Amino acid sequence: MVVNTETIAGKVITQNLGVVGGSTVRAKHVGKDIFASLKNIVGGELTAYTELLEESRTEAIARMVADAAARGANAVVNVRFATSAVTGGASELFAYGTAVQVE
Amino acid sequence: MRSIGARVRTLTASLLLSVLLFSGVAMAQEGASSSEELPWMICCFGPFLLISLVFAVFGILWAFFYPIMFLYGVVFSERNLNRRMSDLVLRERASIEHFGKDPLSTLKGDHIIGGVKETGLVYASIVYSPSHWQLMIAWINQIFGGRIDVIHRVISVGRAEAKQRLREQAQAAGWDDVLNVRIDTAEMTPASKPKGTKAVEVFAYGTGVKFA
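One structure accompanies this document, and this report is about it. A quick note: this is a predicted structure, and the numbers were derived from the prediction, not measured.

**Some remarks on the interface of chain A and chain B**
Reports often express the size of an interface as the amount of accessible area lost when the parts come together. Taken together, the 30 residues of chain A in the interface contact 45 residues of chain B. Those elements giving two or more residues to the side of chain A that touches chain B turn out to be helix 1 (30–42), strand 2 (44–45), helix 2 (47–70) and strand 3 (75–85) of chain A. With 6 residues, helix 1 of chain A is the single largest residue contributor to the side of chain A that touches chain B. For the side of chain A that touches chain B, the class distribution of residues is 15 nonpolar, 11 polar and 4 charged. As paired strands, strand 2 of chain A and strand 1 (residues 116–129) of chain B are joined by 2 bridges and run antiparallel to one another.

**Some remarks on the sheet that holds strand 2 of chain A**
Taken in spatial order, the 4 strands make up an open sheet running 2(A)-1(B)-3(B)-2(B), and their pairing is antiparallel. Edge positions in the sheet fall to strand 2 of chain A together with strand 2 (177–187) of chain B, since each of these pairs with one other strand and no more. Sheet topology places strand 2 of chain B next to strand 3 (residues 200–211) of chain B; 9 bridges connect them, and they run antiparallel. Following the sheet pairing, Asp184 of chain B is matched in strand 3 of chain B by Phe203 of chain B. Relative to strand 1 of chain B, helix 2 of chain A is tilted by about 150 degrees, and along the sheet it contacts strand 2 of chain A together with strand 1 and strand 3 of chain B. The strands touched by helix 4 (residues 149–173) of chain B within the sheet are strand 1, strand 2 and strand 3 of chain B, with strand 1 of chain B carrying the most contacts at an inclination of about 150 degrees.

What counts and what doesn't
- Residues numbered from 1 in each chain as written.
- Chains lettered and ligands numbered in written order.
- Predicted model: local features only at pLDDT ≥ 70, side-chain atom pairs only at ≥ 80, totals over all residues.
- Contact = placed C-beta atoms within 7 Å.
- Helix = DSSP H or I, 4+ residues; strand = E, 2+ residues; numbered from the N terminus.
- Nonpolar A, V, L, I, M, F, W, Y, C, P; charged D, E, K, R; others polar.
- Pairing = 2+ DSSP bridges.
- Axes fitted to C-alpha atoms, helices over the stretch in contact; angles between N-to-C directions.

Distances and angles like these do not, on their own, reveal function.
Here is the structure:
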């Protein structure tokens with residue numbers, strides 16, 4: 001169970017297992033980069049990059065959940081996301097939250 | 001806009017280089033009657049020739065297509081923006097009808113009286129970019145200062161789209177309400193590399209809940 005609120009409504013947090021996080025750095029291949037820079041001239045949504053971020057986000061969350069599961073947690077609360085552009089085509093995604101035991 | 005000059009320079013340089021190399025190879029072919037000299041020349045200059053040819057082709061294509069795409073942006077980018085805006089209004093209305101109210105809120109969930117059956121994370125994102133024409137208008141506006149309406153409109157359309165996608169994600173996952181919604185806006189282009197793709201990335205996330 002992953003939420004970005006501090007508590008889970010209807011559940012009681014019994015144990016705090018610390019901060020867990022997952023991150024990933026991804027890039028699209030050069031062809032998609034070139035296509036995106038061409039799309040940039042006319043403006044609008046850059047679908048290749050939207051996809052890229054969607055994939056990275058899913059992966060970062062999955063890693064965070066795996067980290068939490070390794071600590072024996074059954075939920076992650078107060079999840080936050082951070083993005084940083086490392087270089088032009090690549091982006092780093094970081095998801096973090098507090099691993100807890102809930103009942 | 002500055003990159004056109006650079007492209008033209010690359011194009012002319014590579015064209016000159018390829019002409020020089022071609023004539024060099026031709027002269028070597030004519031001058032050296034012995035067949036041992038020719039493969040040496042090709043081995044030496046072949047790769048450079050190939051690379052410069054690729055550059056030349058790319059430069060010609062770029063010099064040809066960039067003005068066309070730029071003009072397309074001049075003519076249609078405003079219209080596309082308005083079209084997306086009116087499309088968003090319709091989609092927003094449809095999802096508000098489905099939920100009975102706007103499902104997104106920044107509340108923490110203490111106001112829910114009946115209790116909650118299930119919770120989970122919902123997220124949606126979009127990468128949205130202004131056209132080079134709009135960037136140029138913004139650049140001209142920056143000289144005079146004040147409001148830069150073009151970029152403001154582009155970013156708010158991106159943000160509205162991210163919010164609407166969040167509503168649609170919540171609808172698809174069957175949540176009744178989305179609590180504690182956060183909207184992050186990040187720049188795709190790092191400050192260290194200002195010439196890259198200019199786009200904003202909007203990411204909206206929240207906690208979906210199902211009422212008991």
